[in-house]
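Spelled out, the chains give:
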Amino acid sequence: MDRRIKFRHLEAFVSIARAKSLKRAAEQLNLTQPAISKTLKDLEDIVGATLMERGRAGVAMTPEGDVFLQFATQCLSALQNGLTSLASLSEGAPATLSIGALPSVAAALLPEAVQQFQPAAPNTVVQLHEGPHDHLMEQLRAGQLDLVIGRLGRPETMAGLSFTQLYSERVVVVAAPDHPLAQATQLEQLTGYPIIYPPQNSAIRPLVARQMIATGLPLFAQRIESASGEFGRAMTLGKARAIWFISQGVVAADVAAGRLKLLAIDMPATVGPVGIMARSEEAPTPIAHIFRQSLLAAAAKQQSRAKEKGLVIAH
């Protein structure tokens, strides 16, 4: 944005548009009419367009002015909302932040992010909602969620949403440490046992399908489609002896503790960005901004620890 545009330019322009008169707008802003007229002329010089036609009957918007008015109004409204939210935050007023998260983020990143966030906003209640990608995107668009943290979805699911990347993650294949196929290195070897496979509405399903196609393999016939972490662990560690395709973040703690074995099967086609999704037409509230910063800090720490331990979490 042109840095010559100041708050006084936008305030004067919006006030004149609403009052439809330079005189009335000047009175509302406690300015002289020559002063507000000069402010409007300065703004028009900066943007390089005539925004209002002046006449004895008042002012009339030009087509360029109608377009600019929409965004100038949004800018002032967003600033006012921000100031109001900051006042509430400084006064300790209670607030609620509704977060949607895919399982890999809920397990690996959110606990640390929430711990960092709480001291900065002690009176904010964080509501966490888990679910499949498509469902969370619908809730975000409907205003039921403030932010969603998870895998970048298919282009058609991201319309009207912004995405800020935190890190990249791959899908891994895990099994019980004593599984007969614990030393498998190829997807072709995973036969004869149940496969826990990403369901249709999950963000990682297309990525795993891409890897299967690249390897020249069809879908596993003996598969169970589920996004449940509890079910996946029960099937993998129980009598079923299942093999589990899952985002690395979901099972990172299990692998580190030795409860699950990470199979040495390379899945390069499944690497994808994980980040923060929000409604693109809205500026984040101060509470949401603080939480974003907590997420960025937690992601940086996570990657630093992974590198120190020689783990492959981010790419």
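Our subject is the structure listed above.
Thresholds applied
- Residue positions are counted from 1 within each chain, in the order its sequence is given.
- With pLDDT at 70 or above as the cut-off, local features in this predicted model cover only qualifying residues; side-chain atom pairs require 80 or more to be listed or tallied, and sums for whole chains, interfaces and linings still use all residues.
- The side-chain figures draw on all heavy atoms in the structure; neither hydrogens nor water molecules are used.
- If DSSP finds at least two bridges between two strands, the strands pair.
- Where helices and strands are cited, they refer to DSSP runs of H or I of at least four residues and of E of at least two residues respectively, numbered from the N terminus.
- Whether two residues are in contact is decided by their heavy atoms, any of which lying within 4.5 Å being enough.
- Angular values range over 0 to 180 degrees, each being the angle between N-to-C directions of two axes fitted as lines to C-alpha atoms, with helices fitted over their stretch in contact.
- For each residue, the accessible area found with a 1.4 Å probe, counting protein chains only, is set against the maximum for its type, and the residue is called buried under 20%, exposed over 50%, and partly exposed in between.

Caption draft 1: Geometry of the sheet that holds strand β10 (residues 243-247). Spatial ordering of the open sheet is given by β9-β8-β10-β7-β11, a layout of five strands whose pairing is mixed. If you trace the sheet from one side to the other, it starts and ends with β9 (223-225) and β11 (261-262), each paired once. Judged from the two bridges that link them, strand β7 (residues 171-175) and β11 form a sheet pairing that is antiparallel. By the bridge assignment, V174 is partnered in β11 with L262. Across the sheet, helix α10 (residues 248-257) is in contact with β7, β10 and β11; its angle to β10 comes to roughly 115°.

Caption draft 2: The pairing of β10, seen in detail. Most of β10 is tucked away: five of the five residues are buried. Residue alternation in β10 divides its side chains into two sets, I243, F245 and S247 and W244 and I246, and both sets are buried. Pairing of β7 with β10, which is carried by four bridges, proceeds in the antiparallel orientation. If you follow V172 over to β10, its bridge partner there is I246.

Caption draft 3: Region of the structure containing the side chain of S15. Here S15 lies in helix α1 (residues 7-19). Not counting residues within four places of it along the chain, the set of residues in contact with S15 comprises A25, Q28 and L29.

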